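Structure at a glance
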Amino acid sequence: MKNTELEIERLKTLSTTLDHKKCVSIYKSRLQQDLSNIPILKPLLVVVLNGCKIVGNETKVACNVGNFAFFTDVQTMNMRNIPANTNYLAVLVEFEFSDFDNNLINNTNKSETYTFGNANSSLYKCISQLIECLDWATEDIIENRRKEIINLLVSSGYQNLAHLPNQKETTQKVIEIFKKNDNKKITIDDVSKEICMSKATLYRKLKFEGENIQKIKEKVLMGRALHLLQTSSLSTEHVATMVGYSSTARFSQRFRAYFGLSPKELKNTKRH
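Residues numbered from 1 in each chain as written. Predicted model: local features only at pLDDT ≥ 70, side-chain atom pairs only at ≥ 80, totals over all residues. Heavy atoms only, no water.

**A short note on the packing of aromatic side chains**
Let me state the cut-off plainly: Whether two aromatic rings pair depends on their centres lying within 6.5 Å, for rings of Phe, Tyr and Trp, where Trp uses its six-membered ring; planes under 30 degrees apart make the pair stacked, over 60 edge-to-face, and the rest tilted. Secondary structure is summarised from DSSP: a helix means a run of H or I of at least four residues, a strand means a run of E of at least two, and numbering begins at the N terminus for each.
Within the structure shown, the criterion is met by nine aromatic pairs. Taken together, a centroid distance of 5.1 Å and an interplanar angle of 85 degrees make the contact between Phe 68 and Tyr 158 edge-to-face. With Phe 68 in strand 6 (residues 67-71) and Tyr 158 in the loop between helix 3 (139-155) and helix 4 (169-180), this pair connects stretches of sequence that are 90 residues apart. Three or more aromatic residues joined by ring pairs make a cluster, and in this case those are Tyr 245, Phe 251, Phe 255, Tyr 258 and Phe 259.

The structure is reproduced here in structure tokens:
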């Protein structure tokens, strides 16, 4: 068996015991999943271990076993997860903006919304090592592991990943506020106070970045709901409560409107 195949099998083995931990998640399904408007709030690496992922809003690209997709400059993306031999399996690694060399941010050239490429045994090995250290490593060690993945991809020919495109700085600050407060009732006054900015300035900066408070809040909540339904066995009722909905019916209605399928339909794709 080739080194790459050995590393894929190693990652598959690790995925069987990995519950969502910090920056790494495992997504699995038995049936095809067609999802629209998936929020991508931080740089995200997706490596398919079984099946195929179709990504793209207008132009579609197939990410098969042996490929990766690295999302760096996109807020939402349509995706289709297609099983092979009864299942779809992918590992997702979420990065911090600080993992990239901010001194190399390119302010003139427009970067691609995502990078599509071929994975090799070294990439699989780096991801396995990151997973293996999650139980005991400090945040500094985990950060360095993530940076190793970026440096490996850059040295493998994906130089555009050495830097990030222009960031929506105010949007990212608001996203972090909603993420760390989970389903707590956060008002515009709370947000403006926490980032030391008047409401008028906050509205203006978000409008310049093409965002608004309600849209950001919904991205965060719906993204968390999708993640919980994909990576856990929690009931729809429990997930609805965790993201701040008192009505499960209202949550299911909003989830379907956002992603194109209901929580029940999504959960059914994961069952035998």
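**A short note on the sheet that holds strand 3 (residues 44-50)**
Put simply, the rule is: The pairing criterion for strands is at least two bridges between them, as found by DSSP. Axis lines are fitted through C-alpha atoms, for helices just across the contact stretch, and the angle between N-to-C directions can take any value from 0 to 180 degrees.
Spatially, five strands are ordered 1-8-3-6-9 in an open sheet, and the strand pairing comes out antiparallel. Looking at the sheet topology across the chains shown, the edges are occupied by strand 1 (24-29) and strand 9 (114-118). Neighbour to neighbour, the strand axes of the sheet diverge by 20 degrees on average, direction disregarded. Two elements, strand 6 and strand 9, share five bridges in a ladder whose sense is antiparallel. Bridging across to strand 9, Ala 69 finds its partner in Phe 116.

**Describing helix 4**
Put simply, the rule reads: What a helix is expected to span follows from its residue count: subtract one and scale by 1.5 Å. A simple rule labels every residue: compare its accessible area, found with a 1.4 Å probe on the protein chains alone, to the largest value its type can have, and call it buried under 20%, exposed over 50%, or partly exposed in between. Here a residue-residue contact requires only that any non-hydrogen atoms of the pair lie within 4.5 Å.
Helix length check: helix 4 (12 residues) gives 17 Å between terminal C-alpha atoms against 16 Å at 1.5 Å per residue, within 8%. Three or more residues of helix 4 are buried, namely Thr 170, Thr 171, Gln 172, Val 174, Ile 175, Ile 177 and Phe 178. Contacts made by the buried residues of helix 4 are with helix 5 (188-194), helix 6 (199-208) and helix 7 (213-231).

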